[in-house]
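# Inside the fold
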Amino acid sequence: MKITKDMLIGDIIQIHPDAIEILFNFGLSCVGCPASQMETLEEATMVHGLNLDLLLDVLNENA
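If you're wondering where the values come from, they're calculated on a predicted model, not measured in any experiment.

## Comments concerning the environment of Pro34
By the secondary structure assignment, Pro34 is in the loop between α2 (19-25) and α3 (41-48). The spacing of Pro34 and Ile22 is 12 residues in sequence and 19 Å in space, taken between C-alpha atoms.

## Points about the nonpolar core
In terms of nonpolar packing, the biggest core is built from 17 residues, with Ile3, Ile9, Leu23, Leu28, Leu41, Leu55 and Leu59 touching the most fellow members. Residue assignment for this core shows that the elements contributing at least two residues are α1 (9-15), α2, α3 and α4 (52-62). Ranked by the residues each element gives to this core, the list is headed by α4, at four residues. Beyond its immediate chain neighbours, meaning those up to four positions away, Leu41 contacts Ile3, Thr4, Lys5, Met7, Ile9, Ile12, Leu23, Leu28, Leu52, Leu55, Leu56 and Leu59.

## Remarks on the side chain of Thr40
Positionally, Thr40 belongs in the loop between α2 and α3. For Thr40, the contacting residues outside a window of four places in its chain are Lys5, Asp6, Met7, Leu8 and Ile9.

## Concerning α3
Listed as buried for α3 are Leu41, Ala44 and Thr45. Around the axis of α3, the buried residues are gathered within 95° of arc, so they sit on the same side. Among the exposed residues of α3, those pointing more than 90 degrees away from its buried face are Met46 and Val47. Tucked into the core, α3 has its buried residues touching α1, α2 and α4. Positioned one or two residues after α3, Gly49 has a phi angle of 65°, which is positive.

## Points about α4
Turning to α4, its buried residues number three or more, namely Leu52, Leu55, Leu56 and Leu59. The arc enclosing the buried residues of α4, seen along the axis, measures out at 100°, which places them on a common side. Those residues of α4 that are exposed and aimed more than 90 degrees away from the buried face are Asp53 and Glu61. For α4, the elements touching its buried residues are α2 and α3.

Thresholds applied
- Residues numbered from 1 in each chain as written.
- Predicted model: local features only at pLDDT ≥ 70, side-chain atom pairs only at ≥ 80, totals over all residues.
- Heavy atoms only, no water.
- Helix = DSSP H or I, 4+ residues; strand = E, 2+ residues; numbered from the N terminus.
- Core = buried A, V, L, I, M, F, W, Y, C linked by side-chain atoms within 4.5 Å.
- Buried < 20%, exposed > 50% of the residue type's maximum accessible area, 1.4 Å probe, protein only.
- Contact = heavy atoms within 4.5 Å.
- Arc of directions from axis to C-beta.

Structure, rendered in structure tokens:
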């Protein structure tokens, strides 16, 4: 299943557990945070000032 910007962080982790390491490497340590259950990947990258397109590419290549 392809990871998209509108997916919740919590859902991404459930579907692709390997994504945790990638998210951490990008500076998204919120994977264990309760907000991850309500925050989309797009929202998280905006809050943390990250490149959404690059993160999506890496996630979909490796997850």
